[in-house]
Amino acid sequence: GLLLVGLLWQVFGLRKSNERLKQTAHERELVIDTLRGTESRFFELTESSPVGLFFADLNGNRIFANRKLQQLAGQRTDNTSPDGWLEALHPDDRYRVQEAWHRTLTEDAPYLLEYRYVLPTGDVRWVLGQATAQKSESGKIIGYVGTVTDITEQKMSEQLLEAHEARLVEAQCI
């Protein structure tokens, strides 16, 4: 009798364990489906964004750039070089941009800067780059997230306005 009770107890325990495993497997499938949906929405959002978006690791190396940022920098979409954006900078802006990025990485300084990209065609595109540290719940920096906005039309308008103002001043001096 005692042996039978012991066997029944083990069978009952195994059934309970099996039910828990099935429940855990079901919960795991739900989590995986949720993560896939989240990832899909993330990529849809980044690919349809009118601004360039990027993520950089703790050392400031680009680990993700959306299609818009690659277009702004004149890079091929298959270019996976983490420093490709630096190579595309206008030579007159390169040092200033690198210094600002270095300050962001070493001093947790805000990154907000206007600079230019030189496209493979030779055209110049003005952008406004912004980035901020991405922090863990404990406040430790774990990477960087940023945006790059095309401000070429704004810059061209500013240059036209400055030229008109200069002609006005000239005309008033006559």
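Conventions adopted
Residues numbered from 1 in each chain as written. Predicted model: local features only at pLDDT ≥ 70, side-chain atom pairs only at ≥ 80, totals over all residues. Heavy atoms only, no water. Helix = DSSP H or I, 4+ residues; strand = E, 2+ residues; numbered from the N terminus. Buried < 20%, exposed > 50% of the residue type's maximum accessible area, 1.4 Å probe, protein only. Contact = heavy atoms within 4.5 Å. Areas by Shrake-Rupley, 256 points an atom, 1.4 Å probe, with all protein chains shown as cover. Pairing = 2+ DSSP bridges. Axes fitted to C-alpha atoms, helices over the stretch in contact; angles between N-to-C directions. Salt bridge = Lys/Arg side-chain N within 4 Å of Asp/Glu carboxyl O.

Q: Before we move on, could you go through the overall build of the protein and cite the residues and values that matter?
A: Across its full length, the protein holds 5 helices and 5 strands. Going from the N terminus to the C terminus, the protein shows its helices and strands as α-β-β-α-α-α-β-β-β-α. The proportion of buried residues among the 174 residues of the protein is 26%. Long-range pairs, those at least 24 residues apart, make up 39% of the contacts in the protein between residues at least 6 apart in sequence. Of the roughly 12,400 Å² of accessible surface on the protein, 57% is carried by carbon and sulfur atoms.

Q: Can you explain the sheet that holds strand β1 (residues 52-56)? Please cite residues and give values.
A: Paired through their backbone hydrogen bonds, the strands of a sheet run either parallel or antiparallel. What the 5 strands build is an open sheet, ordered β2-β1-β5-β4-β3; its pairing is antiparallel. The sheet is open, and its two edges are formed by β2 (62-65) and β3 (111-118), each paired on a single side. Mean inter-strand twist for the sheet, computed between neighbouring axes without regard to direction, equals 25 degrees. Relative to strand β4 (residues 124-135), β3 is paired through 8 bridges, and the arrangement is antiparallel.

Q: Which residues make up the pattern of salt bridges, and what values go with them?
A: Under the definition given, this model contains 6 salt bridges. Among the ionic pairs, Arg125 bridges to Asp150, the shortest N-O distance being 3.7 Å. Within this pair, whereas Arg125 is found in strand β4, its partner Asp150 is found in strand β5 (residues 141-150), the two being separated by 25 residues in sequence. Exposure remark for Asp150: the relative accessible area of 36% places this residue in the partly exposed category. Of the charged contacts in the structure, one is a salt bridge between Glu158 and Lys155, with a shortest N-O distance of 3.6 Å. With a gap of 3 residues between them, Glu158 and Lys155 both fall in helix α5 (residues 152-173), about one helical turn apart. With a relative accessible area of 31%, Glu158 lands in the partly exposed category. With a relative accessible area of 13%, Lys155 lands in the buried category. The structure contains a network of salt bridges with shared partners spanning Asp93, Arg96 and Arg116.

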